[in-house]
Structures are given as structure tokens and as C-alpha cells.
Amino acid sequence: MTMNDNWTTYDHAPASGGKPKSMVIMLHGLGSNGQDLISLAPYLAQSLPDTIFVSPDAPFPCDMAPFGYQWFSLQDRTPSVMLSGVQRAAPLLDSYITTMMEKYDVPANKVALLGFSQGTMMSLFVGPRFPETLAGVLGYSGALIGSNSLNGSDINKIPVHLIHGDADDVVPVDRFFDAEKALKDNNFAVSGGVTKGLTHSIDEKGVADGTAFLRSILY
């Protein structure tokens, strides 16, 4: 665990033991923390041996639980309010990504964002709008916010892989189809799919499919 510009970050060094050649930045969901997703790193690293994994605590204390962190409040889920929340957090995440790129000397095109739930919402917003072109976004159980502004000259049409369970009772699977359509309509390369019977979680198949996607964009 390290501290970077007041961010608490959990990391997993490259399995190769060498200098990282790529990086996966893992963004957790509402009320969780960076330890949640970094637990996946040992499994991902088996196929991504030259990749460093970093997983920060989101910048704000969760306002719906006595513990954990959030990227933005979800007490009011009106689309415009959620968009404002994402827009407030986006510059902070931009700065974090830049700091990690500089710290580990990894170029933008070798950096992927991996999100779960609210972390996916942040990844899908920040990823295409980051000043440099990132490698892509892997999003689990999330949603696309800001879909009306995906066709500007400042948008990078990076690869996106989405995985969602059809039994998700936290973020309905409809959000998967909404995101897939909006991204494809704006000429993003979108892959992934819906897992039958999966709730608001990541299963072994999701880890395997996500690993294959990350390997395809980082290696």
C-alpha cells in the first residue's frame, strides 16, 4: 500500500519481477475500497506478467454507509445529478492516472482502466476523455453516464469490454444494453456480453474474459 497525492493506493507488482511495461488501474464500486479489486490482480497477472496493477480508494467517503469510499454520491440518481457527480470526480481521476503513468513510466497506450459498478461508470466517462489515448476500458456491472457527448473531437474511441449479469439487482442489466448501443452508435469497438444468472459481482468467467481482453489491448 502506498500514498500518492493523498490517494491511498494498493498495488500488485509485475509477476515477471521486471519493470512494468503496462498498467491496469482498478476502480472500485460504491462503499468499497481499493483492496476490493486488487484481490483480482494475482489471477490477472498470470496472463499479464509485465503489468502493474494499481487500485486506489475513491476520493470521497461513502455517504450511504459508515465505511468505504465513493467516486460520487448516488443518493440522488437523477441522470443530471449523476453526471455532475462524475464530472466533479473526473479531473481527480485524470490527475491520478497521470501520476501513476509518470511514477511507473508507462505510456498512455499501455494503460487500461478496469472498473466495477460505480468504478465502471467512472472508467467509461474518463477513459474516452483522457487527454492521451489509453489502451481501453474493461467494465463490470456498470453504466454509461454522459452518453450524449461521445462524438466530439476530444473523444478517443478506445476499445471497451463490458460484462454484466442478467440477475444484477443493483445496476440493472438494461444499463449494459444502453451502454453497448450508445458506444457502438459512436463508433467504439465494443465487446463483452451478459452472463446468465450472475448477480452484481464478478465470476470466474468474467475474470477469464476480462483477462483475455486486457491481454489483447496491452500485449
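Above this text is the structure in question.
Secondary structure summary: the protein contains 6 helices and 10 strands in total. For 219 residues, the compact-globule estimate of 2.2 N^0.38 gives 17 Å, and the protein sits close to it at 16 Å. With the principal axes as the frame, the protein shows a C-alpha extent of 45 × 40 × 35 Å. Restricting the contact set of the protein to residue pairs at least 6 apart, pairs at least 24 apart contribute 73%. Looking at the protein as shown, the accessible area adds up to about 9,600 Å², and 51% of this sits on carbon and sulfur atoms.

Summed over the entire model, instances satisfying the criterion amount to 3 aromatic pairs. The interplanar angle of 40 degrees and the centroid separation of 4.8 Å between the aromatic rings of Trp 7 and Tyr 96 together place this pair among those described as tilted. With Trp 7 in strand E2 (residues 7-12) and Tyr 96 in helix H3 (residues 79-104), this residue pair connects regions lying 89 residues apart in the sequence. Assigned by exposure class, Trp 7 and Tyr 96 land together as buried.

Locating Val 171 in the fold gives a position in the loop between strand E9 (160-165) and helix H5 (174-185). With a relative accessible area of 7%, Val 171 lands in the buried category. C-alpha separation for the pair Val 171 and Ser 141, spaced 30 residues apart in sequence, amounts to 6.5 Å. In this view, Val 171 contacts Ser 117, Met 121, Ser 141, Gly 142, Ala 143, His 164 and His 200; residues no more than four positions away in its chain are not counted.

Moving on: the pairing of strand E3 (residues 22-27). The buried fraction of E3 amounts to 6 of the 6 residues, a majority that puts the element mostly inside the structure. What you see with E3 is no split at all: Ser 22, Val 24 and Met 26 on one side and Met 23, Ile 25 and Leu 27 on the other are buried throughout. Pairing between E3 and strand E4 (residues 51-56): 4 bridges, direction parallel. Paired with Ile 25 across the bridge in E4 is Val 54. The pairing of E3 with strand E7 (residues 111-116) spans 5 bridges and is classified as parallel. Bridging across to E7, Met 23 finds its partner in Val 111.

Estimated volume of the largest pocket: approximately 570 Å³. Along the wall of the largest pocket there are 28 residues; nearest its centre are Met 82, Met 121, Ala 143, Ile 145 and Arg 175. At 4 residues, H5 tops the list of elements feeding residues into the lining of the largest pocket. Residue composition of the lining of the largest pocket, by class: 15 nonpolar, 9 polar and 4 charged.

The next thing to look at is the pattern of salt bridges. Tallied over the full model, the rule gives 5 salt bridges. In this structure, Arg 175 engages Asp 178 in a salt bridge whose closest nitrogen and oxygen atoms are separated by 2.7 Å. Of this pair, Arg 175 and Asp 178 are both found in helix H5, 3 residues apart, which corresponds to roughly one turn of the helix. Judged by relative accessible area, which is 42%, Asp 178 ranks as partly exposed. In this structure, Glu 180 engages Lys 184 in a salt bridge whose closest nitrogen and oxygen atoms are separated by 3.6 Å.

Once that is clear, we can look at the side chain of Ser 141. Within the element layout of this structure, Ser 141 appears in the loop between strand E8 (136-140) and E9. You can call Ser 141 buried: its relative accessible area is 1%. When sequence neighbours within four positions are dropped, the list of residues in contact with Ser 141 reads Phe 116, Ser 117, Ile 163, His 164, Asp 168, Val 171, His 200 and Ser 201.

What follows concerns the nonpolar core. Grouped together as the largest cluster of nonpolar side chains are 48 residues, with contacts concentrated most on Met 23, Ile 25, Phe 72, Ile 97, Met 122 and Leu 183. When residues of this core are traced back to their parent elements, those giving at least two are E3, E4, H3, E7, helix H4 (118-129), E9 and H5. Beyond its immediate chain neighbours, meaning those up to four positions away, Met 122 contacts Leu 27, Trp 71, Phe 72, Val 86, Ala 89, Ala 90, Leu 93 and Gly 127. Core analysis: the next-biggest nonpolar cluster, separate from the first, contains 23 residues, Ile 38, Ala 41, Ile 163 and Leu 218 among them.

Criteria and thresholds
- Residues numbered from 1 in each chain as written.
- Predicted model: local features only at pLDDT ≥ 70, side-chain atom pairs only at ≥ 80, totals over all residues.
- Heavy atoms only, no water.
- Helix = DSSP H or I, 4+ residues; strand = E, 2+ residues; numbered from the N terminus.
- Rg over C-alpha atoms; globule rule 2.2 N^0.38 Å.
- Contact = heavy atoms within 4.5 Å.
- Areas by Shrake-Rupley, 256 points an atom, 1.4 Å probe, with all protein chains shown as cover.
- Phe/Tyr/Trp six-rings, centres within 6.5 Å; stacked < 30°, edge-to-face > 60°.
- Buried < 20%, exposed > 50% of the residue type's maximum accessible area, 1.4 Å probe, protein only.
- Pairing = 2+ DSSP bridges.
- 1 Å grid on protein atoms, 1.4 Å probe; cavity = no way out; pocket = protein on both sides within 12 Å on 5 of 7 lines; lining within 4 Å.
- Points joined across faces, edges and corners; volume = space filled by probe spheres on them.
- Nonpolar A, V, L, I, M, F, W, Y, C, P; charged D, E, K, R; others polar.
- Salt bridge = Lys/Arg side-chain N within 4 Å of Asp/Glu carboxyl O.
- Core = buried A, V, L, I, M, F, W, Y, C linked by side-chain atoms within 4.5 Å.

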